[in-house]
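Structural features, examined
Letter by letter, the chains look like this.
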Amino acid sequence: MHNVVWFRRDLRTEDHQPLSLAAKGGHCLPLFIADDAIWRAPDASPNQWGFVAESLAELRHALAGVGLPLIIRYGNSLEIFKQLHRTVGVSAVYSHRETGNQISRSRDNNIRMWLESQGIPWNQSVVGGVIPDMRSRDGWSTRWEQTMRRPILKSPPPNTLANPRIETGEIPAAKQITGQDSLMQFRQPGGRQAGLGLLESFLERRGMRYHREMSSPLSAEQSCSRLSAHLTYGTLSMREVAQRLRQQQRYFRGLSKIDRGTWLSALRAFDARLHWHCHFIQKLEDDPQFEFDSVHSGADALERTRDVNLLTQWTNGETGFPFIDACMRFLRAHGWINFRMRAMLASFAAYHLWLDWRSSGLVLACLFTDYEPGIHWNQMQMQSGTTGINAPRIYNPVKQSYDQDPTGDFIKKWVPEMNPVPLEHVHEPWKMDDALQHQCGCVIGKNYPRRIVDHVKAARRAREAIAKMRNGDGFQQEANQILERHGSRKRRSRQKSANQKQNKKNHSQMKLDL
């Protein structure tokens, strides 16, 4: 009989409570299942599996160092557990509790019922700062800090655990798992060593101007931590990152103001993002329907378009807005783009194209190597104006273009059709007259798409529709209930005050030229 350590999105041996607990209790058997229902789902992609596969290879090597095999199986999780029980016997299951999508929750429910029927205990450890079965968000931040301060667990000592005679299994290829080959040219590599390298380079070199350079795609690729995928798939634990951050903050506080430069401000901004990470996952833990249902029910009356052509042009980076297209093409090549540009892409789809957040959300979920359901679906709703508690942010794609790529370098790299276009027209090529279009060899509608929408008129229509929704009967009452259940306690009073002020000023926030 064996204690099965079920690895899911926690692909490491360090700071792994299930592995530590299982190792103390008897024969230990590490298991990873590539569940076909999860990896053939519409929010899964081969680039995500590529990152996981590389992380599994490293995990297998790390486990071998302590005398353990990593059993890898592909198929239906419940059937695999049944077969494993028949083959080697399962005395207990140890895993982290996962906050995932509906498919992973259904999988877990099926496993739970079967384990209970067999009298097999399932010991689940919490992940990061996400707290299961919370009735109130009061005190959440304090509990998060307490979790982050706990000692980091070390790997089990080598040569102390049994090695059963069982076929370990190969790591499947992307096409076998997802039905597609991965064609993403610049996807970041998986594995714990890559994650540790990014953590150190960010905290010691790359992150000094994080707070100032994370908004522009020109600088964010280097100045952002790039740890998101490693946190999603658990090659690093949130506690490891938080404690290393605290160590670096103490170091820079000990330096003179001149010597520490902008580091403390940068690290404070990064610290806030770590809290933010778990805060949004907690929302999906508390209300899993946010993957499917608008947070505020009033948003369901907005009657979004289901125009497949608009969705396809946006997905392919062929909207006729060079900066939007450059960001989408960059994302399609890297599997990552900085947060502000993610928000802009989602906002453009929701407000200017009036697409439903669910359809555009699935496109982005597949493109993001670091797809984390709790963050992703709550952000899609936040950037689409459906939460009821966040002021709608309608990003002006032209203003963002001038602000974030003033020299046009990012545009010209990712939208080569713009290379012959003079800089004064790179951000708004539709303003070139016919003679200039032919002269520079970029004819709009031939060499580069026409704008699929007039962004000024589209934004105006979106503002009016959102304002009508927010002025409707009962809107604020439901918004207050949402804020009470899911709002950040640190900023709740400020948010409530902002909402009240917004109502009095006829939603002036929606008129900001973002």
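From a predicted model like this one, the values you see are computed outputs, not experimental measurements.

Summing up its helical and strand segments, the protein chain has 26 helices and five strands in all. Taken over the C-alpha trace, the protein chain has a radius of gyration of 24 Å; the compact-globule value for 514 residues is 24 Å, and the two agree within 12%. The principal-axis extent of the C-alpha atoms belonging to the protein chain is close to 75 × 55 × 50 Å. Relative to its 514 residues, the protein chain shows a buried fraction of 57%.

If you trace the backbone, L21 turns up in helix α1 (residues 17-24). Here L21 falls in the partly exposed class, since its relative accessible area comes to 35%. In sequence terms L21 and Y94 are 73 residues apart; their C-alpha atoms lie 7.7 Å from each other. With residues up to four places along the chain from it excluded, the contact list for L21 reads Y94 and S125.

Along the chain, R470 falls in helix α24 (residues 455-470). A sequence separation of 171 residues divides R470 from A299, and the C-alpha atoms of the two residues are 8.9 Å apart.

Strand order in the open sheet formed by five strands is β3-β2-β1-β4-β5, and the pairing between neighbours is parallel. Single-partner strands in this sheet number two, and they are β3 (71-75) and β5 (122-125). Here the strands of the sheet are splayed against their neighbours by 25° on average, with no regard to which way each runs. Of the strand pairs in this sheet, strand β1 (residues 2-7) and strand β4 (residues 90-96) are connected by four bridges, and their pairing is parallel. Bridge pairing in β4 places V5 opposite Y94.

The subject of this paragraph is the packing of aromatic side chains. Per the stated rule, a full pass over the model turns up 19 aromatic pairs. The interplanar angle of 85° and the centroid separation of 6.4 Å between the aromatic rings of F186 and W414 together place this pair among those described as edge-to-face. On the criterion of sequence distance, the pair formed by F186 in the loop between α7 (174-178) and α8 (192-204) and W414 in helix α21 (residues 409-414) is long-range, its members being 228 residues apart. Overall, F186 belongs to the partly exposed group, its relative accessible area being 39%.

Let us now look at the confidence of the model for the protein chain. Model confidence for the protein chain is summarised by a mean pLDDT of 92, while 94% of its residues fall at 70 or above. In the predicted structure, residues 493-514 sits below a pLDDT of 50 and forms 40 contacts with residues beyond four places in sequence or in another chain.

All right, on to the pattern of salt bridges then. Here the idea is simple: oppositely charged side chains can pair when their charged atoms come close. With the rule as written, the count across this model stands at 24 salt bridges. The salt bridge involving K82 is made with E79; its shortest N-O contact spans 3.8 Å. In this pair, K82 and E79 are both assigned in helix α4 (residues 77-87), three residues apart and thus about one turn of the helix distant. What makes K82 partly exposed here is its relative accessible area of 26%. For E79, a relative accessible area of 43% translates into the label partly exposed. Its salt-bridge partner being E98, residue R107 comes within 3.5 Å of it at the nearest N-O pair. We classify E98 as buried; its relative accessible area is 17%. Because the salt bridges share partners, they merge into one network encompassing R8, R9, E98, R107, D108 and E372.

Further remarks concern the packing of helix α15 (residues 308-316) against helix α16 (residues 322-334). Orientation of α15 relative to α16, taken along the N-to-C sense of each, is 70°, at an axis distance of 7 Å. When the axis of α15 is compared with that of α16, the two are roughly perpendicular. Facing α15, whose interface residues are W314, T315 and N316, α16 presents M328, R329 and R332. Grouping the constituent residues of the contact of α15 with α16 by class yields two nonpolar, two polar and two charged.

Rules used throughout
- Residues numbered from 1 in each chain as written.
- Predicted model: local features only at pLDDT ≥ 70, side-chain atom pairs only at ≥ 80, totals over all residues.
- Heavy atoms only, no water.
- Helix = DSSP H or I, 4+ residues; strand = E, 2+ residues; numbered from the N terminus.
- Rg over C-alpha atoms; globule rule 2.2 N^0.38 Å.
- Buried < 20%, exposed > 50% of the residue type's maximum accessible area, 1.4 Å probe, protein only.
- Contact = heavy atoms within 4.5 Å.
- Pairing = 2+ DSSP bridges.
- Axes fitted to C-alpha atoms, helices over the stretch in contact; angles between N-to-C directions.
- Phe/Tyr/Trp six-rings, centres within 6.5 Å; stacked < 30°, edge-to-face > 60°.
- pLDDT = per-residue confidence, 0-100.
- Salt bridge = Lys/Arg side-chain N within 4 Å of Asp/Glu carboxyl O.
- Parallel < 35°, antiparallel > 145°, perpendicular 65-115°, else oblique.
- Nonpolar A, V, L, I, M, F, W, Y, C, P; charged D, E, K, R; others polar.

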